[in-house]
Amino acid sequence: MPKNKGKKRAHNESDAAANKQEATTTSSAEAAPITAEGEMPQKKFYRSRAHCNPLSFNEAFDYPTRPDLFDWTEDHYPEHPTLAQDDAEMSGFNSQSAAIRPDVLDVGCGFGGLTMALSHVLPNNTILGLEIRAKVTEYVRLRIVAQRKEHPGQYQNCSVMRTNAMKYLPNFFPKAALEKLFFCFPDPHFKRKNHPRRIVSERLLSEYAFLLKPEVGRLYCITDVKDLHDWHVEKCDAHPLFERLTEEEMEADPCVTLMKTETEEGKKVKREGRFGHDMYYQVYKRVDETLAASKEKVGLGSVTAANFFGEGEFGVEVQ
């Protein structure tokens, strides 16, 4: 019987290899973050899947039980322009910090191009980008911190937060708290069975109407997918609390230009044009309830608890 000439690894060699692997794992766990606080992050390290299913996203998100329990100055706007200098030494949840709350939301802000651009165009507003993807949210946060460091006194009125905007907006914002809502290049969810995942729908529009200030609030939608644009227009036109702005009114709004030029997706459409180089957009005004009651919208009345889930009302189809 020939002897096995295969070389066996000695016991001490096995232990050494295991110790080396453990040391490597420990070293990786204790490694410094990709981007140091205050430095500009590199986008290549924060790439993530373009979209996710917000209805089945089961990660836990922190949120207050009611809006007045959340202090926006603690993590998001510590040096907000409206904070008085003589209150700089005060700590805790005071009346002044309670008055600071975002009134402009960039829902699905991506890598934060529009969120940061709005900081300059709307200096008297407080802008918040909302993003569901953790890596992308961290990129925008680091980007804002770096810009604040490089340009002292600027970008203090914008921030970013990771959350699911389809579920938790009423936990953060009371009635009539918002002036602008942006939905820029959202996931089209092409399949019919996935249409409930779309960020603009009959039920969500009622929630947005609750959060927007009557006669002041604006809802912005832009996409490079014509079918999705038609969906946006159909749902918003049908809702009794939203009224379409004219072409002249949209041209006079600088935020419309920013939607096309400052968002990463808008730049990509101009550069690559996966679905063509056209961008489709529309802006809607949040109308007052008393005025909405007099609008002639066939088949729709005021949104009430009695008819909200009724068949044939607000998108509930009869099977």
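Procedures and definitions
Residues numbered from 1 in each chain as written. Predicted model: local features only at pLDDT ≥ 70, side-chain atom pairs only at ≥ 80, totals over all residues. Heavy atoms only, no water. Buried < 20%, exposed > 50% of the residue type's maximum accessible area, 1.4 Å probe, protein only. Helix = DSSP H or I, 4+ residues; strand = E, 2+ residues; numbered from the N terminus. Pairing = 2+ DSSP bridges. Axes fitted to C-alpha atoms, helices over the stretch in contact; angles between N-to-C directions. Contact = heavy atoms within 4.5 Å. Phe/Tyr/Trp six-rings, centres within 6.5 Å; stacked < 30°, edge-to-face > 60°. Lys NZ or Arg CZ within 6 Å of the ring centre and 35° of its normal. Expected span 1.5 Å × (residues − 1). 1 Å grid on protein atoms, 1.4 Å probe; cavity = no way out; pocket = protein on both sides within 12 Å on 5 of 7 lines; lining within 4 Å. Points joined across faces, edges and corners; volume = space filled by probe spheres on them. Nonpolar A, V, L, I, M, F, W, Y, C, P; charged D, E, K, R; others polar.

Trainee: Outline the pairing of strand E7 (residues 280–286), listing residues and values.
Mentor: Counting buried positions along E7 yields five of seven residues, so the element is predominantly enclosed. Direction of pairing for strand E5 (residues 218–223) relative to E7: antiparallel, over a ladder of six bridges. Each bridged residue has a counterpart across the sheet, and for leucine 219 the counterpart in E7 is tyrosine 284. Summarising the sheet, strand E6 (residues 242–244) and E7 pair through three bridges and their orientation is antiparallel.

Trainee: So what about the sheet that holds strand E4 (residues 180–184)? Which residues, and what values?
Mentor: Across the sheet, which stays open at both edges, the seven strands sit in the order E3-E2-E1-E4-E5-E7-E6 with mixed pairing between neighbours. The open sheet has two edge strands, strand E3 (158–162) and E6, and neither has a second partner. With strand direction ignored, the average angle separating the axes of adjacent strands in the sheet is 20 degrees. Packed on one face of the sheet, helix H5 (residues 134–150) meets strand E2 (127–131) and E3 and runs near 160 degrees to E3.

Trainee: Can you lay out the packing of aromatic side chains for me, pointing to particular residues and giving the numbers?
Mentor: The full count for this structure, using the stated rule, is eleven aromatic pairs. Ring centres of phenylalanine 70 and phenylalanine 172 lie 5.3 Å apart, and the angle between their planes is 85 degrees; on these two criteria the pair is classed as edge-to-face. You can see phenylalanine 70 sitting in the loop between helix H1 (11–29) and helix H2 (72–75) and its partner phenylalanine 172 sitting in helix H6 (residues 169–172), a full 102 residues away along the chain. Among the residues examined, phenylalanine 70 registers a relative accessible area of 23% and is labelled partly exposed. Given a relative accessible area of 1%, phenylalanine 172 falls into the buried group. Where phenylalanine 111 meets tyrosine 139, the ring centres are 5.2 Å apart and the plane angle is 85 degrees; that geometry is what we call edge-to-face. In this pair, phenylalanine 111 is assigned in the loop between strand E1 (104–107) and helix H4 (113–121) and tyrosine 139 in helix H5, connecting sequence segments 28 residues apart. Both residues of the pair, phenylalanine 111 and tyrosine 139, count as buried. The structure contains a cluster of three or more aromatic residues connected by ring pairs, namely Phe70, Trp72, Phe172 and Phe173. Arginine 198 extends its terminal NZ or CZ atom over the ring of tryptophan 231, reaching a point 4.6 Å from the ring centre.

Trainee: Run through helix H8 (residues 226–238), naming residues and quoting values.
Mentor: Here H8 contains 13 residues, and its C-alpha end-to-end distance of 18 Å stays within 8% of the 18 Å for a straight helix at 1.5 Å per residue. The complete set of buried residues in H8 reads Leu228, His229, Trp231, His232, Val233, Lys235 and Cys236. Structurally, H8 contributes buried residues whose contacts are with helix H7 (202–211), E5, E6 and E7.

Trainee: Can you break down the layout of surface pockets residue by residue, with the values?
Mentor: Where empty space is left in the structure can be found by rolling a water-sized probe over the atoms. Size it by volume and the second largest pocket reaches roughly 460 Å³. Asp75, His76, Val160, Met161 and Arg162 are the residues nearest the centre of the second largest pocket, which is lined by 20 residues in total. Within the residue set of the lining of the second largest pocket, elements represented by two or more residues are H2, H5 and E3. The greatest single-element share of the lining of the second largest pocket, amounting to seven residues, is contributed by H5. Looking at the lining of the second largest pocket, its residues break down into eight nonpolar, three polar and nine charged.

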